[in-house]
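Fold and contact review
Next come the chains, spelled out residue by residue.
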Number of protein chains: 2
Amino acid sequence: MKRREFFKKAGVSAVGAAGAATLATPALSQGNMEWVAVSAFGKAGLLGAALDKFAEDVATMSEGKLTIKTYHAGELVGGLEALDAVQSGTAQMGFGAPYYWEGKSDSISFVAAMPYGLNAQEQNAWFYYGGGIEMADRLSYNPLGVKFLPMGNTGNQMGGWYAKEINTVDDLDGLKFRMPGLGGEVLKTFGVNVVLLPGNEVLPALTSGAIDGTEWIGPAADLGAGFFKVVQNYYYPGWHEPATVLDSFFDMQAWEALDDHLRGIVERAAASTNLWILSRFQAVNNASLQKLVNENGVQLRPYSDELLQAIGERTAEVVRDRASASPEASELYNSLIEWRRTMVEWSGISEGKFMNARTSAKFEAI
Amino acid sequence: MKRREFFKKAGVSAVGAAGAATLATPALSQGNMEWVAVSAFGKAGLLGAALDKFAEDVATMSEGKLTIKTYHAGELVGGLEALDAVQSGTAQMGFGAPYYWEGKSDSISFVAAMPYGLNAQEQNAWFYYGGGIEMADRLSYNPLGVKFLPMGNTGNQMGGWYAKEINTVDDLDGLKFRMPGLGGEVLKTFGVNVVLLPGNEVLPALTSGAIDGTEWIGPAADLGAGFFKVVQNYYYPGWHEPATVLDSFFDMQAWEALDDHLRGIVERAAASTNLWILSRFQAVNNASLQKLVNENGVQLRPYSDELLQAIGERTAEVVRDRASASPEASELYNSLIEWRRTMVEWSGISEGKFMNARTSAKFEAI
């Protein structure tokens, strides 16, 4: 069952990696290096395009010294086999989300997203100036034989889709809800029957009534998934995934074979892609939200303060419990929680207060 | 007087560009290209380090095919002569902030920051996926003979330092306050005597009582500037500069002489630097804020809702008026205001609502 959790958001079906295992390790052609990259995401859509652009960037910047052939989910291996493919030497690079690999590491989920944790700007501050990349490498990725770089962020997600209104914690009791990760574990403690389903099974399950609701990503991706056809209550904000990280990871031998020049190119291309993916999600979500509300009858609803407070308190317990799983998980948790403490303070009086002033203001636009 | 406004935040003294005009245009050495870059910012500090890292990145990624010799403010030309130096061919690249060049373009300030406008994430979404880079180039930068790329963001700034408490609009009347740009124009309409001073003259002016207050950047930069030694009321949030853009600009001939490979490297290095500078500001501000409050007796105060609402209404008038200055300014304003409309909506229910829930929650930490 654990394995199925990995299907979250990839929206792909698993394909065995066996057939691909005969591929060569880093190919060399006339002194140029050729990598295979495998993705947890489908070719269509924002994340498929982002990986292709990354590969194109690297080829352009390196004048073809490093070319990366991309295989989207299901093209070479199943989306959730991406880490397996890199570990087995089938691919030199993978692209996904850290919590897809939590079956292999009990600390790696902390790199992905923490309920009530960091927003995207704070998360990037931790990665680039809080020692986050080094810490994630040392505690989570290097033990799996790979080098990690952040390569995208979804920004704040939506809370999810519900058949009925959810106003109090009592409304959660007995609910059948699809939600992976730490957020799902929190809801379980309120009596929610948490279900884990791959992307392509969610809409059928909603339609048959097998589940009463689901969370997914945000308006743009959710519109495409079509959940509005069955359930109409769309809640915000995404307390469970305030800013979900997308990861790139590299076979350690392939990484170490890069000279400074190519390593610099891969690092900067990953950082650019990180910024571009977040910018793209930010750019497209509102138009999709408007389409959902104005053309498809979706009811946009805020979680009540009571619910957010109760969930937050329970989150504190569940996350601390998960952090005690291993010394690695504890160390990551402690670093993130200390970072979060100061970030909440600063972001609250700057970005947070500014956004409040901007939305509460009676003047319509500047 | 206009000219002095450009000194904002550069904290440098002007040095004539004449002595430097004898420098060669793009140097070529054994087929490699050598650029000169001039900066509006001093060598010491976050932005000086960021430009040096950018140059190092480009050299590494290009294997030395493009090297960039950086001159920080005052080293070759005065900080606010950076655009002049690129226009005259003294340098191939400049680094600064768009509103430093508003004497040369009546639309360029809109690229920098708009009071009550976009936050950093929304601003980047506009640049990379809202046509922002192309539009800024076409309307503001290309007419000046240069190519533009965003290369940093300060994030939300602080509202400023005041000798006395500011609670109502009446408290603004007669105040002598240092503030450049559109924010200053808004305060003028409330009877504020807006003063424009270069960075190195602000602390002396506060000390002598020539001014009653000043805005600057954020806690890290403000701590270094030492304003707390004289005035102790530190207001938030920075309604006037919600996310100030830093710009890089390139002599058009030098830019067009780059092949796809080098152009790709410069573009990705600029995007990485954009993300890294914002991350760095986010990472360091809170520790400085704590130092100001806990070690230096600074009173951290929120602007009142009444004040924020009144300023917002006045901002709408002032900004619209400025936008009518030229067809270019109007086009930029209209694009930004339309972008802002949808961004406020989406950010408000995602990031905004999430940050509210996180700060208002009684649970201390997850």
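As shown above, the structure is provided for reference.
Residues numbered from 1 in each chain as written. Chains lettered and ligands numbered in written order. Predicted model: local features only at pLDDT ≥ 70, side-chain atom pairs only at ≥ 80, totals over all residues. Heavy atoms only, no water.

1. Quick look at the packing of aromatic side chains
In this structure the tally under the stated criterion is 42 aromatic pairs over all chains. Relative to Phe127(B), the ring of Trp126(B) lies with its centre 5.4 Å away and its plane at 45 degrees, an arrangement referred to as tilted. Look at Trp126(B) and you get buried, because its relative accessible area is 0%. Through a chain of ring-to-ring contacts, three or more aromatic side chains come together here, namely Phe41(A), Phe95(A), Tyr99(A), Tyr100(A), Trp101(A) and Phe249(A). (Phe/Tyr/Trp six-rings, centres within 6.5 Å; stacked < 30°, edge-to-face > 60°. Buried < 20%, exposed > 50% of the residue type's maximum accessible area, 1.4 Å probe, protein only.)

2. Quick look at the interface of chain B and chain A
Taken together, the contact between chain B and chain A spans 89 residues of the former and 89 residues of the latter. The three residues of chain B that bury the most area against chain A are Gln282(B), Trp346(B) and Ile366(B), which together make up 13% of that side's buried surface. Run the count over chain B and chain A and you get six salt bridges. Across the pair Asp57(B) and Arg268(A) runs a salt bridge, and its minimum N-O distance is 2.3 Å. Between the two partners, chain B and chain A, sit 27 residue pairs in polar contact (both at pLDDT 80 or more). In terms of residue count, helix H13 (residues 327-360) of chain B provides more of the side of chain B that touches chain A than any other element does, 23 residues in total. Residue classes in the side of chain B that touches chain A are distributed as 41 nonpolar, 29 polar and 19 charged. (Contact = heavy atoms within 4.5 Å. Buried area = accessible area lost by both parts, 1.4 Å probe. Salt bridge = Lys/Arg side-chain N within 4 Å of Asp/Glu carboxyl O. Polar contact = N/O pair within 3.5 Å; in protein donor to acceptor, adjacent residues only side chain to side chain. Helix = DSSP H or I, 4+ residues; strand = E, 2+ residues; numbered from the N terminus. Nonpolar A, V, L, I, M, F, W, Y, C, P; charged D, E, K, R; others polar.)

3. Digging into the relation of the copies chain B and chain A
Between chain B and chain A, the superposition needs a rotation of 180 degrees and an axial shift of 0.0 Å, giving an RMSD of 0.0 Å. Here the symmetry operator amounts to a two-fold rotation axis. Taking C-alpha positions as reference, the residue of chain B nearest the rotation axis is Ser272(B), located at 2.6 Å. A symmetric contact is evident, with 100% of the interface residues of chain B recurring at the interface of chain A. (Least-squares fit on C-alpha atoms with pLDDT ≥ 70 in both.)

4. As for the pattern of salt bridges
Scanning the model with the defined rule gives 28 salt bridges over all chains in all. The shortest N-O distance in the salt bridge between Arg178(A) and Glu215(A) comes to 3.5 Å. Of this pair, Arg178(A) sits in strand S7 (residues 176-178) while Glu215(A) is found in the loop between strand S9 (213-214) and helix H9 (219-225), placing the two residues 37 residues apart along the sequence. Judged by its relative accessible area of 0%, Glu215(A) is buried. Put simply, Glu267(B) and Arg268(B) hold a salt bridge, and the shortest N to O gap is 2.9 Å. On the basis of relative accessibility, which here comes to 27%, the residue Glu267(B) falls in the partly exposed class. Among the charged side chains, a network of salt bridges with common partners joins Lys53(A), Asp57(A), Glu267(B) and Arg268(B).

5. Some remarks on helix H8 (residues 199-208) of chain B
Residues and elements named next belong to chain B. Among all positions of H8, only Gly199, Val202, Ala205 and Leu206 are buried. Looking down the long axis of H8, one finds its buried residues gathered within 100 degrees of arc, a one-sided arrangement. In H8, the exposed positions that point more than 90 degrees away from the buried face belong to Thr207 and Ser208. Positive backbone phi, at 85 degrees, marks glycine 209, one or two positions downstream of H8. (Arc of directions from axis to C-beta.)

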